Amino acid sequence: MTRLNYIFKSFFHYLKANMLVALGVAISTMVLAGSLIIGDSVRYSLEQSTFFRLGETTHLVAVKERYFRQEMAVEMQNENPGIEAAPVLLLEGVAIADGGQQRVNRVQVIGVDNNFSRIASDTLYNNLEGNEIVISRNLSERLQVEAGDNILVRIKKASLVPLNAPFVSDEQTSVSLRATIKKVLTRDELGRFSLKNSQSAPYNLFLSLEQLNDLMDFSSKANHILVSTELSNEEVTEAVDLSLTPVDASLVLKKIEKTGEVEISTDRVFMEPKVAQTLEQLPKAKPLISYFVNGIERTRTGSETPYSFVSSLEGSQLTDNEIILTQWAANDLDANPGDTIRLKYLEIGPLRKLIDREAEFVLKEIVPMTRQWADSTRMPFIPGLSDAGHCREWEAGVPIDLDAIRDKDEDYWDEWKGTPKAYVSLNKALEMWENRFGVYTAVRFPADAFDEANYMSAFSENIRPGDLGMAIEPIREQGLQAARNGTDFSGLFLGLSFFILAASVILTALLFRLNLETRSSEVGLLGALGFQQKKVRSFFLLEGIVIAFVGAIIGLALSVFYTSGVFRILNTLWFEIVRTNVLLIKIYPATLVLGLVISIVVSLGAIFISLRRYQNRQTAELQKRTGQQLKKSTRLILDITMYISLIIPVIIFLWQLFQSGNLNTILFFLSGGLLLVGLLLVFRKILFRLEARKTHTLSLQNVARLNLTRNTGRSLTIVILFALGTFLVVSTGSYKLDLFANAQDQSSGTGGFLYFAETTMPVLYDLNDEERRAEEGIYEDFNAVQFRQVEGDDASCLNLNRISQPAILGVNPENLSGRFSFATHMKGFDTDDPWKALNQQLDDGSIPAIADQTVIQWGLGKKVGDELLYQNEKGDTLRLKLIAGTTPSVFQGYVIISNKHFLENYPSNSGSHIFLIDGEPENQEQIAEELQSVFRDYGWRMESTAKRLVEFYSVTNTYLSIFLALGALGMILGTVGLAVILARTILERRREIGLMQAIGFHTRQLFRLLVNEYLLLLVAGVLIGFVTAVAATLPAFLSANSDASLSTVALVVALILINGIIWIAALSWFSLRKKRLVNELREE
Amino acid sequence: MLLQLQNITKGYGEPGKHSYRQVLKTLNFGVEKGDKIAIVGPSGSGKTTLLNLIGALDSPEEGKVFFNEKDLTSYSKSELAGFRNKNLGFIFQLHHLLPQLTLLENVLLPLLPQSNSVSGEQKEWAEHLIKKVGIWEQRNQKPSQMSGGECQRTAVVRAMVNKPELLLADEPTGALDEENAKALTELLIKLSDEEGITLITVTHAADLADQMDKKYTLKNGKLV
């Protein structure tokens, strides 16, 4: 005989009862370990998703709206043999099939060469020829096409010149390709290729790099290099740095025979400041800037030469108010030295907004059209303008008044092309024409002073990849980090399973306590035999360990089924929260052990508390003290807590409803929670008062009520369980939002806008421009707010990865003034309208930014006041300071800054991709039809703002659904607890019931007695939970934004009640069966 | 003197409250080694309360309990548990045998507070007692397989297995029929005589009370 022997014997003797306790442990283990496994599995799936989308890619070299030589990839490999590199030209497009019936926007069009096969570990990418394409499965499914079918692809036109640079035509924004599908790609064939941290697969279309270059009128260009290497990011950066040449900076070196000079110009028309500075430092550098002016006017006569190039002269030849005219221009204007000459030119603002500018000069000199004055190469190469055969063919990206073009102008163009007709000082030229795209149009050198080697060396020394907007990132590591730090599904499911966990732990404690009560004589005996209380406790605790261990092992086995069940639902019904079909179950032994240990510890905690409370009660009973005779101090504390819990919520409710204009949902929820505690304490007090009352009018109802006080602990447990369950279920159900209800309100998440639209091709002009609308055939009345966009990761709740660089939107803040609502904002900023603060320049050099509060908190894991770091187009670090967070809005996934700051940092960014459309609700269908028709070829995708919000809320609502489902499961568990207590109590009271029957009580009366007794507890619990839940979610009931209705909530409550009543009635009926009672009496 | 109770006061409920009921009033009581004492009295007179105080299961509101001249009221809970184990043996009206253990195991149970397992010598002593009370055949049976008399005899052996100085019996024959009650009474007297154990029994049974050396009646909170 040993202590251990005693423990095991006890465990097996009370096996049935112990297994019931183990069931409680098993359920909590199942939920707990299941949640941990779900977390692990989602994390693992996200990690796998990183490999599925990147293949062998470890590092990424990328530029935005720029292009470099695809040979760079080969050169990098030559620089460092540890590198395998594949150049990629990645663009966006629209895929169209079935004669336009099937259309998919925002398709990734990826130009690859044979090197890509190493990244994909598949040779299928080799030898893609001509119009052959391979597409991802999701694209084939959306288009309903298969291998061998033909589709039309409209690809965003890539241009070496920034599309919104001055005088660049916007006529061609896309290029079409009729392609034949060679193969539909699977996941393992890199069909899910994506450079963005997201588990959602993009629509992919691969074709040969050469073909895509041809379509873009490029020659061997790429905008990404996929690197596969074991090397560090620094080593990859070094290899990029060593491979970089002036051509990658779009610089063009040519000899100007006519002037005996060497010129370095740029394919981008305007040279970036850093490049210009480098070139300026070379010996005898002569920077120049040539600009297309609308007119050169002699002010005295008003005579004007239209549409001419004017160039700059460096050195001290001209002061800032002097001008030189060529003989042709002087003749045309009949101008003489000393005359005032006015230059009329256009400043191209954001979205091609044209601003008329003028500058007046004194004519200093008239020069002959010879030698350097007859140099047409001073005109920068601007596609559509420089290469036009006639003036009437100019595509200058600005309105050209063809009537103003005279025959002599055509003749001039035929003979002299874009040879400047006038010259101003370099200083003045810069003052007038320097713009966000750059400074000079070229830098020239005397041919004899130019040393190409020196030029190359200066370039290598001064220009770093970052200066050209080139970012080199360890993309695989970043992807894995984003996956590992993504949405914590373990925590999430633990949170969502809170009630079922609580219910199972309470059930465990309750069942264990019931077991103890049946073994009360054993506890007493052990004490009498001289076992210390501690020792007695340790016996039961050790028995509890055995129970917990057995339960936990069962629970672990169940957790696998639970996880696969949840995953099945996540892949179907709850798809909204994962949005991937790459969901793999991953079970780590360590997780199982952790689940086991936590579960055992939690269960033992519950068992320990139960045991301790029981022992204390035993002692109290021995000393003839009853439960209510607690220490005065404890009683006082409980009373004070009760009054505080009742008074504070009432004060808050009254203040919120009548004084504060803004209903604070958190405050209401806390108050509701406090009220729940208060009312439970009131119920407890009532129970004890009932017990203490001396006189009762004897009635069946009174007997039932008095019976509640037989075991106040049990009665309270039932009430707590039901109150808590009802509170959680009702309050969760109330927070489901109806987003259509308030959609027109400007302060709502829609901002009062009708539509949210995205395009694949950028819209380069202002949609509100009346003239432009007329040109495009837009006649409906609406207002558009346009957003510039820098691509980034999706930080909305649709993305499970932890994002650090969400897409940036640039907007004119005035356009959003008074729109949307703010959940938080930084101190010191306009609290009513933080949009106004977006234009501010902050003292610390950061740029103010606004995002959806849910994005800030969950997507980015940050708070207002924190900063987001980016690399801007110039290679500098861009610090965005989050100054405010909006309430849930259509901006989920983005961070918003002002256009002003946007263009300072991303000057090459052209046009808008995102639009908010406002108009009269009654015209919304016509507006939608017209916009969809006009911008069809832009890949226009438009949805109502309310619908977009609903999509985001589908995640929240799905979480709420899961919570409700698990809550309901918890309620069922709670009912099981009720049933167990009921069964046990009836068993204990069989003598009493038998006696009552013996003295003449009808079975019906006894049934009513029992049912009344437990119905009272059930109703009390549900009522307390219901009232407090409604109080907690009052803002949702009062809000038009919510679909919380008393009828829905009442239905939930009714279901809980009906479920409880069925159990109570069934068990009562079972216990009162005549045959059984007779048996019990006979036993007695 | 083995046991001495000095000015013991004990009641139910909270002192000072209307509901408070005093059951023992400045009670004094002494027991010499080897005494066999019966305490009788009407129901609710406080007999069990008194026995609980003697058995250190409860503490008095006022007064002191001395055992071998040591004040039990100054003991900690842990010391009291040790004291009970070493010095006292309890027999209750219901045998309170643990259903999960065999007869022998039930008997050995009181030895476990002292050590994790039972020594050979202790086991021999237990077996000796079991044989002595005539339940050797049932030693491997569980309580559910035994008669009421056998169970109560087992409870007696269990109370004596630690060789206590004082045996406390609370209505030991209360749940037995006449024949078994008589046998148990004889057994108690025989064992206490043979082992030199002091015996205090609370009983309504006149037969049992009459066979004790001394008989006290608890009346109005005092022993007379």
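Keep in mind that what you see is a predicted model, and the values were worked out from it rather than measured.

## Some words on the overall build of chain B
- Helix and strand counts for chain B stand at 7 helices and 10 strands.
- The C-alpha radius of gyration of chain B comes to 18 Å, within 12% of the 17 Å expected for a compact globule of 224 residues.
- Across its three principal axes, chain B shows a C-alpha extent of roughly 55 × 40 × 30 Å.
- Within chain B, the fraction of its 224 residues that count as buried is 49%.
- Partitioning the contacts of chain B with sequence separation of at least 6, the portion at a separation of at least 24 is 72%.

## Looking at helix α4 (residues 120-132) of chain B
All names here are of chain B.
- Here α4 is 13 residues long and its end C-alpha atoms lie 18 Å apart, about the 18 Å a rise of 1.5 Å per residue gives.
- On its buried face, α4 sits against α3 (103-108) and α5 (148-160).
- Directly after α4, the chain includes G134, whose backbone phi takes a positive value near 80°.

## Brief notes about the pairing of strand β4 (residues 102-112) of chain A
- Pairing between strand β3 (residues 83-97) of chain A and β4 of chain A: 9 bridges, direction antiparallel. When the sheet's bridge partners are listed, A95 of chain A is paired in β4 of chain A with V104 of chain A.

## Let's talk about the domain arrangement of chain A
- In terms of domains, chain A is made up of domain 1 (1-56 + 530-624), domain 2 (59-244), domain 3 (248-469), domain 4 (636-741 + 948-1084) and domain 5 (755-947).
- The C-alpha centroid of domain 5 of chain A is placed 47 Å from the C-alpha centroid of domain 1 of chain A.

## Points about the nonpolar core
- Core analysis: the biggest nonpolar cluster contains 251 residues, and V719, A849, A851, I896 and I917 of chain A together with V156 of chain B have the highest contact counts within it.
- Top element by residues in this core is helix α2 (residues 15-54) of chain A. It accounts for 16 residues.
- With near-sequence residues (within four places) excluded, A851 of chain A lies in contact with I856, L882, G885, F891, Y894, V895 and I896 of chain A.
- By size, the runner-up hydrophobic cluster in this structure holds 132 residues, among which are L91, I264, M271 and V443 of chain A.

## Some points on helix α14 (residues 489-496) of chain A
- Those residues of α14 of chain A lying buried are F489, S490, F493 and L496 of chain A. Looking straight down α14 of chain A, one finds its buried side chains confined to an arc of 135°; they lie on one side.

## Quick look at the UniProt feature "domain: ABC transporter" (unreviewed entry) in chain B
- Within this structure's numbering, the places UniProt gives as "domain: ABC transporter" (unreviewed entry) are residues 3-224 of chain B.
- Across residues 3-224 of chain B, the secondary structure splits into 33% helix and 25% strand, with the terminal C-alpha atoms separated by 17 Å.

## Section: the sheet that holds strand β4 (residues 62-67) of chain B
Residues and elements named next belong to chain B.
- One open sheet accounts for 4 strands, arranged β2-β1-β4-β5; its pairing is antiparallel. Lying at the two open borders of the sheet, with one neighbouring strand each, are β2 (21-31) and β5 (70-71).
- As judged from the 2 bridges shared by β4 and β5, these two strands associate in the antiparallel manner. Opposite F67, over in β5, you have K70 as the bridge partner.
- Where helix α1 (residues 47-54) meets the sheet, it contacts β1 (3-12), β2 and β4, and its direction lies at approximately 130° from that of β1.

## Structural notes on the sheet that holds strand β18 (residues 354-367) of chain A
All names here are of chain A.
- In space, the 6 strands of this closed barrel follow the order β14-β15-β19-β16-β18-β17, with mixed pairing throughout. When the angles between neighbouring strand axes are averaged without regard to direction, this sheet yields 45°.
- Sitting on the sheet, helix α11 (residues 426-433) touches β14 (290-298), β15 (304-313), β17 (340-348), β18 and β19 (422-425), and the angle it makes with β19 is about 95°.

## Brief notes about the packing of α5 of chain B against helix α6 (residues 178-195) of chain B
All names here are of chain B.
- At a minimum axis separation of 10 Å, α5 and α6 run at an interaxial angle of 15°. Classified by the interaxial angle, the pair formed by α5 and α6 is roughly parallel. As for how α5 packs across α6, the hand of that crossing is right-handed. In this structure, α5 uses G148, G149, Q152, R153, V156 and M160 to contact α6, whose residues at the interface are N180, A183, L184, L187, L188, L191 and E195.

## Some points on the environment of E522 of chain A
Residues and elements named next belong to chain A.
- Of note, E522 is situated in helix α16 (residues 520-528).
- Of the residues examined, E522 has 21 C-beta atoms within 10 Å and is grouped as buried.
- C-alpha of E522 to C-alpha of L346: the two residues are 176 residues apart in sequence and 99 Å apart in space.

## What to know about the packing of α2 of chain A against helix α13 (residues 475-484) of chain A
All names here are of chain A.
- Between α2 and α13, the least distance of the axes is 8 Å, while the angle of their chain directions is 155°. By the angle between their directions, the pair α2 and α13 is classed as roughly antiparallel. Handedness of the α2/α13 crossing: right-handed. The residues of α13 that touch α2, namely those facing R43, L46, E47, S49, T50 and L54, are I475, R476, G479, L480, A483 and R484.

How each quantity is defined
Residues numbered from 1 in each chain as written. Chains lettered and ligands numbered in written order. Predicted model: local features only at pLDDT ≥ 70, side-chain atom pairs only at ≥ 80, totals over all residues. Helix = DSSP H or I, 4+ residues; strand = E, 2+ residues; numbered from the N terminus. Rg over C-alpha atoms; globule rule 2.2 N^0.38 Å. Buried ≥ 20, exposed ≤ 12 C-beta atoms within 10 Å, placed from the backbone. Contact = placed C-beta atoms within 7 Å. Expected span 1.5 Å × (residues − 1). Pairing = 2+ DSSP bridges. Domains from an automatic or database assignment. Core = buried A, V, L, I, M, F, W, Y, C linked by C-beta atoms within 7 Å. Arc of directions from axis to C-beta. UniProt positions renumbered as here; feature names shortened; annotations may be inferred. Axes fitted to C-alpha atoms, helices over the stretch in contact; angles between N-to-C directions. Parallel < 35°, antiparallel > 145°, perpendicular 65-115°, else oblique. Left-handed = near helix turned anticlockwise from the far one by under 90°.

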